[in-house]
Amino acid sequence: MRILKFGGSSVANSEAIRQVRKIIVDKLADHRLAVVVSAFGGVTDLLEEAVVKAAEGDESYSDILDDIEARHNKVIKELLSIQKQSRTLAQFKMMFNELDDVLHGVSLTRELTDRTRDFVLGFGERFSAFIISQYLSDKEINAGYLDARKIIKTDKRFGSARVLTEETYPAIREYYKKLDEDSVQVVTGFIASTLTDEATTLGRGGSDYTASLLGAALKAEAIELWTDIEGIMTADPRKVKRYFVIPQLSYEEAMELSHFGAKVVYPPTMQPAMKVSIPILIKNTFKPEQEGTTISAESRSGESSIKGISSIDNVTLLTIRGSGMIGVTGVASRIFSALADAGVNIIMITQASSEHTVCLAVLPSQAEAARESIEQEFKYELNDGVIDEILVEHELSIVAIVGDDMRHTPGISGRVFQSLGRNGINVVAIAQGSSERNISVVVERKNETKTLNTLHDAFFLSRIKTVNLFLVGVGLIGGTLLKLIRKQTQKLLDDYFIDLKLAGVSNSKKFLIDEEGISMEHWKDELDENGESADIEKFIEQMSELNLSNSIFIDCTASDEIANTYSNVLKSSVSIVTANKKANSSSLSKYEELQELALQHNVAYLYETNVGAGLPVVATLKEQILTGDSILKIEGVFSGTLSYIFNTFDGSEPFSQVVRTAREKGFTEPDPREDLNGQDVGRKLLILAREAGLKLEFENIDIQNLVPEPAREVPTVEEFFDILEDYDDEFQELYEEAQSNNNKLCYIARYEDGQATVKLEQIGAEHPFYGLKGSDNIIAFKTQHYEESPIVVKGPGAGANVTASGIIADILRISNAPSFGKEY
């Protein structure tokens, strides 16, 4: 014997009911069946609305009845043969008239009792079961209609009646004993009756409960609950996109998940089946070939030590604390008794081991009653000050991770809190049962979805991490970055298990944010078609509200405006990767503020490309500081432009012509004065000095400006070159002097003995920078550990490809990709 229960979505229309018949026919080949059905999808809600309107004297209840009647008549006509339609329509009309008469009476008396409400709400299942039984019979299945009020008996608690199993189980067995082996009874779910035959309902999950009762009474081999989803999911599909179906759960795991928000099975409905160890299968009516979820006495171990994550999205937390609670017997008992007397249901409780604090989570609708009842119970302690004022915190959520294997697996709690901490999610309260089957955390409601996704990634996608990128600036560097990421996407997924998703993009005209992701190939088209007017504050606000886990804000601009928003980004618990030097080379206080905010919000603030593009300059310096080394001297050629100019300037052509050629080849900024003035080099030296722990401001750096003074303020580049030509002789003299000393010219940034300088120098063959060629950068760190032979980093220090590669390296550091280390 198997019990098949079909929910409202499974019998919502003719097409769905035809699918139900296919499943029944398939099962009949191997099993004796009992079929339980819910009302057609949405009908119970319509009946509730109609009876309330009738009680209020609102005549529009009759319109609702007309819709209900028309819907059921339509299904009859679509499903049944012409020969059987008339008789079925007539029988249905008799049942429907009974409903109409009751509602008419309610509208006259303006009185609605719980008994009447139960009677009215049961019509949905009665209509559904009758029509489906007639349809099955018409298709030559030995089917009958069974009104569960005949066999399931309850007490008189209308609305959520308690089943009297001593009367119910024998009645079920006696009824089925008289039936043929191939008989399929289509049973009304949800409804029952008292010992005096008054209609009752079984409350939430009532049809599942009906199936469970039949299964337990008939000792069924399995109970199958057919619905419109594939089974019980690892998380709510509406909040976690990369969910999985859980193939197997124990009864206890299923009840834990259901208590904390999983809606597929309501715990009380499992009790009858659980007592006699009957497996419960959750299956999809419209995808019957899929495995679904099996709930049974035993838990099957899987790849993950937890089975699922669920949540209650809105709770209120009450905190009772005070010195008067420590060591006092009966405090907890008084709290529970007071709340029970007030009819308050406690969702979660946690108590500090010091006995100083007790936290309770309740539904927001019961929060005020809970507070008042506790204050009344402890009014003397509150007056005496031995218990503090009851703290009430709203807008919170509970997220629970569940699994039988948790108790045998060390480190589960550590992984939970590490994952939450790294994503800037603060835990307000924690509870874990002695069974170690559940860890529950209370978080701010705005963080519920982020918490679910963070934990789901940590436990179910532990080998794959989705990293959400929000890119500002899609010029040369930003555009190249997207090309490189697109090219590397599969490799990053295959080798590092990192899924990089572009969740936001902005240029100077428009911005676009999309939780589902923006194509890295067609981002321009999507931005043009769907983008809003560029507004960095709005971009950050939407990014923060989206609150995605593993989010990284990437700045590929050189904008002061963007750099000034970093504080807000970090406060939103979003990491930053930036190629923009403006923030780190601004005031020391701003630099320190950003470092502190990153630490405070447990996010990364990385800027490897601020100095040396993709070269590991900042990372190398940080590693030395972290290992206890101290920096004695920083020396480097930080400008690829000036490196190229002085490596090319050999006296064979004028200095101005060398600069002009460099500009034509794209080595300089459009206005070469931005390179020759040394400001950019000074900013890079300032950043490295600060990374070394030095308290330095930009104005403390002595920078030699190579732009002749008369050329500094002229409005056009051509005017600048005209004036620069007048100084060709001076630069020629500098070159010749260096040559006469067997030296070469090099524009060097240096910090040593408290002095920071950026200037043009002569260096000899013994100097490590002497062999520098082309536009390469070179940086040397003389430290206590590397005093005799400094650490030297050398290579291309500019260019879109190397800079974009450096940004990707920072992204992978934040994502903790193997071989990229952890930088924060």
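See the structure above.
Numbers given for residues are sequential positions, taken from 1 along each chain in its written order. Confidence filtering applies because this is a predicted model: local features only for residues at pLDDT of at least 70, side-chain atom pairs given and counted only at 80 or more, and all residues used for totals across whole chains, interfaces and linings. Based on all heavy atoms of the structure, the side-chain values leave hydrogens and waters out of the count.

Student: I'm lost on helix α8 (residues 206-218) in this one. Help?
Tutor: The periodicity of an α-helix, 3.6 residues per turn, causes residues three or four places apart in sequence to face the same way. Segments assigned H or I by DSSP are reported as helices when at least four residues long, segments assigned E as strands when at least two residues long, and all are numbered from the N terminus. By definition here, a helix of n residues has an expected span of 1.5 Å times n minus one. An ideal rise of 1.5 Å per residue puts 18 Å on 13 residues; α8 measures up with 18 Å between its terminal C-alpha atoms. Accessibility here uses a 1.4 Å probe with only protein chains present; expressed as a share of the type maximum, an area under 20% marks a residue as buried, one over 50% as exposed, and anything in between as partly exposed. Most of α8 is tucked away: 13 of the 13 residues are buried. Where α8 terminates, the next one or two residues include K219, which has phi positive at roughly 50 degrees.

Student: What is the right way to look at the packing of aromatic side chains in this model?
Tutor: Aromatic ring pairs: the centre-centre distance and the angle between the two ring planes describe each pair. Between 30 and 60 degrees the pair is tilted, below 30 it is stacked and above 60 it is edge-to-face, where a pair is any two Phe, Tyr or Trp rings, Trp via its six-membered ring, whose centres lie within 6.5 Å. Here the structure, examined in full by the defined rule, presents 20 aromatic pairs. Plain terms: the ring middles of Y644 and F667 are 4.2 Å apart, the flat faces sit at 15 degrees to each other, and that makes the pair stacked. Residue Y644 is located in helix α23 (residues 640-648), and its partner F667 is located in the loop between α24 (655-664) and α25 (673-676); the two are separated by 23 residues in the primary sequence. A relative accessible area of 10% places Y644 in the buried class.

Student: Sorry, what's going on with the sheet that holds strand β7 (residues 199-201) here?
Tutor: Backbone hydrogen bonds are what pair the strands of a sheet, in a parallel or an antiparallel way. Pairs of strands are assigned from DSSP output, requiring at least two bridges between the strands. Across the sheet, which stays open at both edges, the three strands sit in the order β4-β6-β7 with mixed pairing between neighbours. With partners counted over all chains shown, the strands left at the sheet margins are β4 (153-154) and β7, one partner each.

Student: When you look at the sheet that holds strand β20 (residues 510-513) in this model, what are you seeing that I'm missing?
Tutor: Spatial strand order, β21-β20-β19-β18-β22-β23-β24: seven strands in an open sheet with mixed pairing. With partners counted over all chains shown, the strands left at the sheet margins are β21 (532-533) and β24 (605-606), one partner each. With five bridges joining them, strand β18 (residues 465-472) and strand β22 (residues 551-555) adopt parallel strand pairing. Counted as the bridge partner of L471 is I554 from β22. Of the strands in this sheet, β18, β19 (498-506), β22, β23 (575-578) and β24 touch helix α29 (residues 800-814), which is tilted by about 160 degrees from β23. It only takes one pair of heavy atoms within 4.5 Å for two residues to be counted as in contact. Every axis in this analysis is a line fitted to C-alpha atoms, fitted for helices over the stretch in contact. Angles between the N-to-C directions lie between 0 and 180 degrees.

Student: How should I be thinking about the pattern of salt bridges in this particular structure?
Tutor: Side chains that differ in charge, positive against negative, can pair when their charged atoms come close. For this analysis, a salt bridge means a side-chain nitrogen from Lys or Arg found within 4 Å of a carboxyl oxygen belonging to Asp or Glu. As enumerated under the stated definition, the model contains 47 salt bridges in all. R445 is the salt-bridge partner of E395, the closest N and O atoms lying 3.5 Å from each other. With a gap of 50 residues between them, E395 in strand β15 (residues 391-402) and R445 in the loop between β17 (438-444) and α15 (448-460) connect regions that are remote in the sequence. A network of salt bridges, in which partner residues are shared, links K633, E635, R750, E752 and E761.

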